[in-house]
Amino acid sequence: MGRKVTKAIFPVAGLGTRFLPTTKSIPKEMLSLVDKPLIQYAIDEARAAGIKEFIFVTSRGKGSLEDYFDHAHELESSLKKAGKEELLEILRATNMESGAIAYIRQHKALGLGHAVWCARRLLSDDEPFAVVLTDDVIQGEPPCLQQMIEAYGETGGSMVATMEVAADKASSYGVLDVAEDMGAIVRAKGMVEKPKAGTQPSNLAVIGRYILAPTVMKNLNKLKQGAGGEIQLTDAIAEEIQAGRDVFGLRFRGQRFDCGSKAGFLQATVAFGLERDELKDEFADYLHQVMAMRRAAE
Ligand code: G1P
């Protein structure tokens, strides 16, 4: 069995241009899904999976993301005085232990693989690590990263989260070439980043959760350019297979939302809104009304 995974890298340097003008001054990871910023969903999922150290790869303009994890002492003491225990609990759930988060700057936007590589000095040479992409929000029980840690405990090697996508969407993803399909877990014999339409080796797309062997970081040292001229994480993982090491995909149980796109963000808002006890009745009524009105107008 492999070493325990206690560190996760969160690449959060992206510009978020799809959410302009909001992202002129707000990092996209701070966009609120119901009432929590995207980054909080990612952190909560990682904590549930046993991650203890959180490495954020940031860039210019991400200051509010860093501030978000400071303890809000003034706010906490005024809530305490006012006896607002419920709100205090919400705040406390966001507090991180001092020293648990490290921030590294990616000085140039050279791709996801490069962003991950920027964190290399914060990992030891023989340490597997997780990567969590905050754009991919996943509703699942147990949370997706925990499912992966459990599966990785059985397989070792490297593991990516995967799900089936429509053939005409495959070119937006990393795609697995499947050697052996064992049901929930597949063994990969290759991985291609953003295959040209019609050339994808399967319809199993990589979703933004990874447990990676330390050798993947070494592969990134080569800083080889791939699809779109970027240094691709997918290529560094594919290199593992070429070197004869295991790479698996886990068909996770749960629903994934692409919160890097507007439509995906809206879908996530509906799904997470309907999960909330205090919102679901009013919100569901509203959605029914809207749909009825649309149907009547057709
Ligand atoms: C990244 C990865 C890709 C993966 C996708 C999942 O692409 O490079 O392999 O399938 O995340 O969301 P991006 O969405 O950043 O273009």
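Our structure's up above, just so we're on the same page.
Residues numbered from 1 in each chain as written. Predicted model: local features only at pLDDT ≥ 70, side-chain atom pairs only at ≥ 80, totals over all residues. Heavy atoms only, no water.

**Thoughts on the site of the ligand**
1) Next: Near the ligand you find 13 residues, and of these Asp136, Gly174, Glu193, Lys194 and Val206 are the closest.
2) Next: The side chain of Asp136 places a nitrogen or oxygen atom 2.8 Å from an oxygen atom of the ligand.
3) Next: Tallying contributions element by element places strand β11 (residues 204–212) first for the shell around the ligand, with three residues.
4) Next: Along the lines of polarity and charge, the residues of the shell around the ligand split into five nonpolar, four polar and four charged. (Near = heavy atom within 4 Å. Polar contact = N/O pair within 3.5 Å; in protein donor to acceptor, adjacent residues only side chain to side chain. Helix = DSSP H or I, 4+ residues; strand = E, 2+ residues; numbered from the N terminus. Nonpolar A, V, L, I, M, F, W, Y, C, P; charged D, E, K, R; others polar.)

**Brief notes about the environment of Cys118**
1) Next: The topology assignment puts Cys118 in the loop between α5 (112–117) and β6 (129–132).
2) Next: Taking the relative accessible area as the measure of exposure, Cys118 reaches 14% and is therefore buried.
3) Next: C-alpha separation for the pair Cys118 and Ile104, spaced 14 residues apart in sequence, amounts to 7.0 Å.
4) Next: Aside from chain neighbours lying at most four places away, what touches Cys118 is Val57, Ile104, Arg105 and Gln106. (Buried < 20%, exposed > 50% of the residue type's maximum accessible area, 1.4 Å probe, protein only. Contact = heavy atoms within 4.5 Å.)

**As for unusual backbone geometry**
1) Next: Of the consecutive residues Leu20 and Pro21, the connecting peptide bond is found in the cis state with omega at 5 degrees.
2) Next: Here Pro21 lies in the loop between β1 (7–11) and β2 (32–33).
3) Next: Geometrically, the link from Glu141 to Pro142 is a cis peptide bond, its omega value of -5 degrees lying close to zero.
4) Next: Position of Pro142 relative to the elements: it lies in the loop between β7 (136–139) and α6 (144–155).
5) Next: For Val34, which is not glycine, the phi dihedral falls at a positive 65 degrees.
6) Next: Structurally, Val34 is set in the loop between β2 and β3 (36–37).
7) Next: Judged by its relative accessible area of 28%, Val34 is partly exposed.
8) Next: One non-glycine residue, Lys194, lies in the positive phi region at around 45 degrees.
9) Next: Mapped onto the elements of the fold, Lys194 is located in the loop between β10 (185–193) and β11.
10) Next: Using a relative accessible area of 42% as the deciding quantity, one classes Lys194 as partly exposed.

**Things to note about the side chain of Lys62**
1) Next: As for its placement among the helices and strands, Lys62 is situated in the loop between β4 (53–58) and α2 (63–68).
2) Next: On the accessibility criterion, Lys62 (4% relative accessible area) is buried.
3) Next: Looking at Lys62, its side chain comes within polar contact range of the side chain of Glu29, at 2.9 Å.
4) Next: The contacts of Lys62, once residues within four sequence positions are left out, are Val12, Ala13, Gly14, Pro27, Lys28 and Glu29.

**Here's the deal with the nonpolar core**
If you look at soluble globular proteins, the nonpolar side chains tend to sit buried side by side.
1) Next: One finds Phe10, Phe54, Phe56 and Leu145 to be the most contacted residues of the largest nonpolar core, which totals 39 residues.
2) Next: Among the secondary structure elements, those contributing two or more residues to this core are β1, α1 (38–48), β4, β6, α6, β8 (158–164), β11 and β12 (247–251).
3) Next: With residues up to four places along the chain from it excluded, the contact list for Phe54 reads Ala8, Phe10, Ile43, Ala46, Arg47, Met96, Ala100, Ile101 and Ala102.
4) Next: Membership of the second largest hydrophobic core comes to 31 residues, among which are Val116, Cys118, Leu123 and Leu176. (Core = buried A, V, L, I, M, F, W, Y, C linked by side-chain atoms within 4.5 Å.)

None of the figures reported here should be taken as evidence of function without further support.
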